[in-house]
Amino acid sequence: MAEVTIYTRAMCGYCMAAKRLLDKKGVAYTEHDASFSSELRQEMVERSGGRRTFPQIFIDGRPVGGSDELHELDAAGRLDAMLAGEAA
């Protein structure tokens, strides 16, 4: 199983939607709540190549974007392979 990390903030509907999809798939993930942490926000921006929107999701260290991109990967049938640790 791939290592999944998600940077979130409080009261973020997109964050909740992304976590719901991951939970539905039974994926364990590490969540970093960056609501009140400028350090975590900066870390997220650096890891994501400059993206500042929430959430930011990483699969095996690779930035995949936010909730919309995660759901697009799922709709295209590519998310399960990525979560299994296979190349997308």
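Given the structure is predicted, the values throughout are model-derived calculations rather than measurements.

Enumeration according to the criterion identifies one aromatic pair in this entry. Seen in terms of ring centroids, Tyr7 and Phe58 are 5.7 Å apart; in terms of plane orientation they differ by 75 degrees. Their pairing is edge-to-face. Taken together, the residues span a long stretch of sequence, with Tyr7 in strand E1 (residues 4-8) and Phe58 in strand E3 (residues 56-59) at a distance of 51 residues. Geometry around Phe58 places Arg47 over its ring, the cationic atom sitting 4.2 Å from the centre.

Below, the discussion takes up the packing of helix H1 (residues 13-24) against helix H3 (residues 67-75). Between H1 and H3, the shortest axis-to-axis distance is 9 Å and the interhelical angle comes to 30 degrees. By the criterion of interaxial angle, the relationship of H1 to H3 is roughly parallel. Crossing geometry of H1 relative to H3 is assigned as left-handed. Side by side, H1 and H3 meet where Tyr14, Ala17, Ala18, Leu21 and Leu22 of the first sit next to Ser67, Asp68, Leu70, His71 and Asp74 of the second.

Here we come to the nonpolar core. Membership of the largest hydrophobic core comes to 15 residues, with the highest contact counts inside it found for Val4, Ile57, Ile59, Leu70, Leu79 and Leu83. Within the residue set of this core, elements represented by two or more residues are E1, H1, E3, H3 and helix H4 (79-83). Beyond its immediate sequence surroundings of up to four residues, Val4 is in contact with Leu22, Val27, Ala28, Tyr29, Thr30, Ile57, Phe58, Ile59 and Leu83. Core analysis: the next-biggest nonpolar cluster, separate from the first, contains nine residues, Tyr7, Cys15, Leu40 and Val45 among them.

Calculation rules
- Residues numbered from 1 in each chain as written.
- Predicted model: local features only at pLDDT ≥ 70, side-chain atom pairs only at ≥ 80, totals over all residues.
- Heavy atoms only, no water.
- Phe/Tyr/Trp six-rings, centres within 6.5 Å; stacked < 30°, edge-to-face > 60°.
- Helix = DSSP H or I, 4+ residues; strand = E, 2+ residues; numbered from the N terminus.
- Lys NZ or Arg CZ within 6 Å of the ring centre and 35° of its normal.
- Axes fitted to C-alpha atoms, helices over the stretch in contact; angles between N-to-C directions.
- Parallel < 35°, antiparallel > 145°, perpendicular 65-115°, else oblique.
- Left-handed = near helix turned anticlockwise from the far one by under 90°.
- Contact = heavy atoms within 4.5 Å.
- Core = buried A, V, L, I, M, F, W, Y, C linked by side-chain atoms within 4.5 Å.
- Buried < 20%, exposed > 50% of the residue type's maximum accessible area, 1.4 Å probe, protein only.

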